[in-house]
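This is what each chain is made of:
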Number of protein chains: 2
Amino acid sequence: MTITIKDIANKAGLSPASVSRILTNRGRFNAETAQKVRDLAESMGYFKNQSAADLSQKESRVIGVLVPSSHTNFADEIIKGMQSKAYELNYELIVAFVESDIQQQIQTVKSLLSRNLLAIAMLAIDIDDTVLAVLLDTNVQLISVSNQLNNKIPSISSNNYDTVHDIVDYLYDNGHRDIALIGSSRPEPIVANLRRQGFINALSEHGITYNPDFIWGVENTYQTGLDAIKHFGVPLPFSAAIGSADIISIGLLNGAKDAQLSIPEDLSIVTIDGTDLTQLTRPILTSTKQNFQLMGQLAIKSLAEKKLSPHTIIFTDTTLVLGGTVASPLQRGKEN
Amino acid sequence: MTITIKDIANKAGLSPASVSRILTNRGRFNAETAQKVRDLAESMGYFKNQSAADLSQKESRVIGVLVPSSHTNFADEIIKGMQSKAYELNYELIVAFVESDIQQQIQTVKSLLSRNLLAIAMLAIDIDDTVLAVLLDTNVQLISVSNQLNNKIPSISSNNYDTVHDIVDYLYDNGHRDIALIGSSRPEPIVANLRRQGFINALSEHGITYNPDFIWGVENTYQTGLDAIKHFGVPLPFSAAIGSADIISIGLLNGAKDAQLSIPEDLSIVTIDGTDLTQLTRPILTSTKQNFQLMGQLAIKSLAEKKLSPHTIIFTDTTLVLGGTVASPLQRGKEN
DNA sequence: AATATTTGCGTAAACGTTTACGCAAATAAG
DNA sequence: CTTATTTGCGTAAACGTTTACGCAAATATT
């Protein structure tokens, strides 16, 4: 039924081994014969049986990608970056979405592990500890993208300390003194802690002792943004807020609007992430944009080069993108 | 290095065949022995080598999923539905993102086809004709989800004719007589035509001859929505618009706001799709919500049952979800 | 107690590809 | 012209699992 390498070999008067060498471009073969074989493969409608190849090959060129199904939409951009680099370097990606249900998580991970993988990349994943233990137990190469999990897994992400530090500087320069940081402290304790430290240190460098109440949030969701406004009440005790993710910031913005506040007059917002979502609001969100595509590319590149140690940390740059959600709080004074 | 079925067999004093029968739950075996073997597998850290299994098995339980990388975010919901059903029925999903670059498309499809697949599901995909030809040429089962491609591929989608027809009815009942339909006529000619027909027929049933100029749009993008407002100019020649996708409708809404129009007083909007994006705008978008999760579930279910013919068309229901973007145009008269 | 059926498991082949090894022919070097 | 090297390709084993077939032991049926 299906065409195999053997069929091609028969038709070409060669052995399967030769055909294999030609189609995989390994070993020695005659250039003319090679062209004949390639043409035959094309015309006979041959498709490599990857399972058979995987089975017989030592080294896999397949990289598994675990993506949270509660789908922060930057995952798309990371995957896009990965895919372009994978294509370029002739690797293959298998994407699997991870649900919150633990049983399902385990099944997903097992089904990934049951393939012959070069590595598994985890995108900003909120993965259960037991599942993580399973992953660490197998000796497949791991990498965490846009997140830092722990010191056993190499990571590629923005420098979260610097990012928040820079945002605080920017807000301070615009006259803000009372600043909030809205977002989850779970499930990325390392990232959250770095942000918190950047936040606290930046404030203290400006001679401001931070108010612990101003670091708030349970989850990285839209609802958290909405809730934040209700939690602090109007008038807000701060003049600017940093949203830990675009979707949170949109929640902040809508929550503020729903409470009859004007943005940015009554509240300045800077969001972390800077995906296309920032363009959908009015005013457009001011953001520190992460370079997700680059993260994806670097992930594949560094996996291909096999130079990752458990402690490797790669940072990608962020850039401040001006929208319309930051104003000086002094202006508000003038207006009154 | 890695644990195989043979290792387990040795330790259990059995043959590999028996272990295989036990772990796959096929054929005959003793219940006690089975438990012992399962425990051994667990404790030894065994992972099935899926490549080997695929190679030796006649029938695959793997379903490939082609997802557009220009990622309409409802794809997530479809995948979520697929994954839950796949988990339930013990199928496995391999997700691949399709770029717009044709070479890359071909590589992606080939890499899918080089696995032993039960079927390939295509999500709302704008796939190149040559690539589609490749897919049709192989005799792998295909299914199109949330889109109708042609009469050679079974599909699961909303009834696009009814959906638009119902929206027109709803808008008519709210007093609207001049209605526009904004969105692409490509790359889903069948879907676009059905919507167009639903649009035209519904209007004509209300005694309105439709204005062809009011069907407008190049792509299903945010920009199209923005452009639409500029294209028609202020004041708009219609009182209501149907956006073919949430992202278009957000474009319409923002475009209108940018032109100093008020929503819904100056323009009523109903959007097709009804993803979470509709909640992010102010006012919240009124939508006809498609049941994407159900589509995903049905896709897996019908593939599992193997009763799909090339002409099979399955419709899922849509529901009108009231937001704040529809007002009677008469109110505008009152206000003036 | 003799025969029939069921149960539990082992044997061995098969899936399609890759690859180490080796051999003969072709080419190069001396 | 002889010896050394390179080229092109075939042989055969290996990857880990599944499964048709068959056999002996256990159990059921008369």
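Residues numbered from 1 in each chain as written. Chains lettered and ligands numbered in written order. Predicted model: local features only at pLDDT ≥ 70, side-chain atom pairs only at ≥ 80, totals over all residues. Heavy atoms only, no water.

A.B. asks: I tried to follow the overall build of chain A on my own but got confused; where do I start?
C.D. replies: A tally of helices and strands in chain A yields 13 helices and 12 strands. Radius of gyration (C-alpha) of chain A: 25 Å, far over the 20 Å computed for a compact globule of 336 residues. Oriented by its inertia axes, the alpha-carbon framework of chain A measures out at about 90 × 35 × 35 Å. Burial statistics for chain A: of 336 residues in total, 51% are counted as buried. A sequence separation of at least 24 residues applies to 71% of the contacts in chain A between residues at least 6 apart. In chain A, 28 positive and 35 negative side-chain charges are present, and the distance between their average locations comes to 12 Å. (Helix = DSSP H or I, 4+ residues; strand = E, 2+ residues; numbered from the N terminus. Rg over C-alpha atoms; globule rule 2.2 N^0.38 Å. Buried < 20%, exposed > 50% of the residue type's maximum accessible area, 1.4 Å probe, protein only. Contact = heavy atoms within 4.5 Å. Lys, Arg positive; Asp, Glu negative; His and termini not counted. Charge placed at Lys NZ, Arg CZ, Asp CG, Glu CD.)

A.B. asks: Please explain the protein's contact with DNA strand D as it appears in this structure.
C.D. replies: Taken together, the neighbourhood of DNA strand D is formed by 27 residues, with Ser15 of chain A together with Ile5, Ser20, Tyr46 and Ser56 of chain B sitting nearest. Near the protein, within 4 Å, the atoms of DNA strand D are sugar or phosphate in 57% of cases. Between DNA strand D and the protein, one listed contact pairs a base oxygen with a backbone N or O atom of Ser56 of chain A at 3.4 Å. For the surface near DNA strand D, the secondary-structure elements that each account for two or more residues are helix H2 (16-24) and helix H4 (50-56) of chain A together with helix H2 (16-24) and helix H4 (50-56) of chain B. Here the surface near DNA strand D takes four residues from H2 of chain B, the largest share from any one element. Looking at the surface near DNA strand D, its residues break down into nine nonpolar, 12 polar and six charged. (Near = heavy atom within 4 Å. Polar contact = N/O pair within 3.5 Å; in protein donor to acceptor, adjacent residues only side chain to side chain. Nonpolar A, V, L, I, M, F, W, Y, C, P; charged D, E, K, R; others polar.)

A.B. asks: Explain the pairing of strand E10 (residues 286-290) of chain B to me, please; I cannot follow it from the model alone.
C.D. replies: The side chains of a regular strand alternate between the sheet's two faces. All names here are of chain B. Counting buried positions along E10 gives four out of five residues, so the element sits mostly inside the fold. As paired elements, strand E9 (residues 268-273) and E10 share four bridges and run parallel to each other. If you follow Ile272 over to E10, its bridge partner there is Thr288. Pairing geometry for E10 and strand E12 (residues 318-321), over four bridges, is antiparallel. Looking at E12, one finds that Ser287 is bridged to Val321. (Pairing = 2+ DSSP bridges.)

A.B. asks: Would you mind going over empty space enclosed by the protein with me for this structure?
C.D. replies: Picture a little ball the size of a water molecule; that probe, rolled over the atoms, points out where space is still empty. The tally for this structure, following the rule as stated, stands at two cavities of 30 Å³ or more. A volume near 110 Å³ is recorded for the largest cavity. Lining the largest cavity are 14 residues, and of these Leu280 and Thr281 of chain A together with Leu280, Thr281 and Arg282 of chain B sit closest to its centre. Put simply, the parts of the chain that give the lining of the largest cavity at least two residues each are helix H11 (246-258) of chain A together with helix H11 (246-258) of chain B. Across the lining of the largest cavity, the residue classes break down as six nonpolar, four polar and four charged. (1 Å grid on protein atoms, 1.4 Å probe; cavity = no way out; pocket = protein on both sides within 12 Å on 5 of 7 lines; lining within 4 Å. Points joined across faces, edges and corners; volume = space filled by probe spheres on them.)

A.B. asks: Got a minute to help me understand the relation of the copies chain B and chain A in this structure?
C.D. replies: The pair of chain copies shares a relation made of a rotation about an axis and a shift along it. For these two chains of identical sequence, chain B goes onto chain A by a turn of 180° and a shift of 0.1 Å along the axis, with RMSD 0.2 Å. Accordingly, the operation relating the two chain copies is best matched by a two-fold axis. It is Ser51 of chain B whose C-alpha, among those of chain B, lies nearest the rotation axis, at 2.2 Å. Interface residue correspondence from chain B to chain A reaches 100%, placing this contact among same-surface, isologous pairings. (Least-squares fit on C-alpha atoms with pLDDT ≥ 70 in both.)

A.B. asks: Could you clarify how one ought to interpret the protein's contact with DNA strand C in this entry?
C.D. replies: By nearness alone, 27 residues border DNA strand C, and Ile5, Ser20, Tyr46 and Ser56 of chain A together with Ser15 of chain B come closest of all. Within 4 Å of the protein, the contacting atoms of DNA strand C are drawn from sugar and phosphate to the extent of 57%. At 3.3 Å, a backbone N or O of Ala52 of chain A approaches a base nitrogen of DNA strand C. Here Phe29 of chain B contributes a backbone N or O atom positioned 3.4 Å from a phosphate oxygen of DNA strand C. The set of elements that each furnish at least two residues to the surface near DNA strand C consists of H2 and H4 of chain A together with H2 and H4 of chain B. In terms of residue count, the dominant contributor to the surface near DNA strand C is H2 of chain A (four residues).

A.B. asks: What is the right way to look at the nonpolar core in this model?
C.D. replies: The nonpolar side chains of a soluble globular protein tend to be buried, and buried together. By size, the foremost hydrophobic cluster in this structure holds 56 residues, and its most contacted members are Met82 and Leu123 of chain A together with Met82 and Leu123 of chain B. Aside from chain neighbours lying at most four places away, what touches Met82 of chain B is Val65, Leu93, Ala121, Leu123, Val145, Gly296, Gln297, Ala299 and Ile300 of chain B. By size, the runner-up hydrophobic cluster in this structure holds 49 residues, among which are Phe214 of chain A together with Leu261, Ile269 and Leu277 of chain B. (Core = buried A, V, L, I, M, F, W, Y, C linked by side-chain atoms within 4.5 Å.)

A.B. asks: Even after reading the chapter, I still don't get the domain arrangement of chain A, so can you show me in this structure?
C.D. replies: In many reports, interface size means the accessible area that the parts give up when they come together. By the assigned domains, chain A splits into domain 1 (5-48), domain 2 (62-157 + 293-316) and domain 3 (160-289 + 320-335). Once you take the C-alpha centre of each, domain 1 of chain A and domain 3 of chain A turn out to be 60 Å apart. (Domains from an automatic or database assignment.)

A.B. asks: When you look at the side chain of Ser287 of chain B in this model, what are you seeing that I'm missing?
C.D. replies: In this structure, Ser287 of chain B sits in strand E10. Beyond its immediate chain neighbours, meaning those up to four positions away, Ser287 of chain B contacts Val270, Thr271, Gly274, Thr278, Thr319, Leu320 and Val321 of chain B.

A.B. asks: Please explain the packing of helix H10 (residues 222-232) of chain B against H11 of chain B as it appears in this structure.
C.D. replies: How two helices sit against one another is set out by the angle between their axes and by the gap between those axes. Residue and element names in this part refer to chain B. Look at H10 against H11: their axes get within 6 Å of each other, and the N-to-C directions meet at 35°. As H10 runs across H11, the sense of the crossing is right-handed. Contacts between H10 and H11 involve Tyr222, Gly225, Leu226, Ala228 and Ile229 from the former and Ile247, Ile248, Ile250, Gly251, Leu252, Asn254, Gly255, Ala256 and Asp258 from the latter. For the contact of H10 with H11, the residue count by class is nine nonpolar, four polar and one charged. (Axes fitted to C-alpha atoms, helices over the stretch in contact; angles between N-to-C directions. Left-handed = near helix turned anticlockwise from the far one by under 90°.)

A.B. asks: Explain the sheet that holds strand E6 (residues 179-182) of chain B here, please?
C.D. replies: Where strands meet in a sheet, backbone hydrogen bonds hold them as pairs that are either parallel or antiparallel. Ordered by their spatial adjacency, six strands build an open sheet running E7-E6-E8-E9-E10-E12 (chain B), and the pairing between neighbours is mixed. Here the strands that pair on one side only, and so sit at the sheet edges, are strand E7 (215-216) and E12 of chain B.

A.B. asks: When you look at unusual backbone geometry in this model, what are you seeing that I'm missing?
C.D. replies: Most peptide bonds take the trans configuration, and most residues that are not glycine carry a negative phi. Residues and elements named next belong to chain A. Residue Pro283 is reached from Arg282 by a cis peptide bond, and omega for that bond is -5°. Considering the arrangement of structural elements, one finds Pro283 in the loop between strand E9 (268-273) and strand E10 (286-290). The phi angle at Ala124 is positive, at roughly 45°, despite the residue not being glycine. One non-glycine residue, Gln260, lies in the positive phi region at around 65°.

A.B. asks: Help me out: how do you make sense of helix H12 (residues 292-305) of chain B in this one?
C.D. replies: In an α-helix, one full turn covers 3.6 residues, which means residues spaced three or four apart are oriented alike. Residue and element names in this part refer to chain B. For H12, spanning 14 residues, the distance from its first C-alpha to its last is 20 Å, which sits close to the expected 20 Å at 1.5 Å a residue. Burial in H12 covers these residues: Phe292, Met295, Gly296, Ala299, Ile300, Ser302, Leu303 and Ala304. Looking one or two places after H12, you find Lys306, whose phi comes out positive at around 55°. (Expected span 1.5 Å × (residues − 1).)

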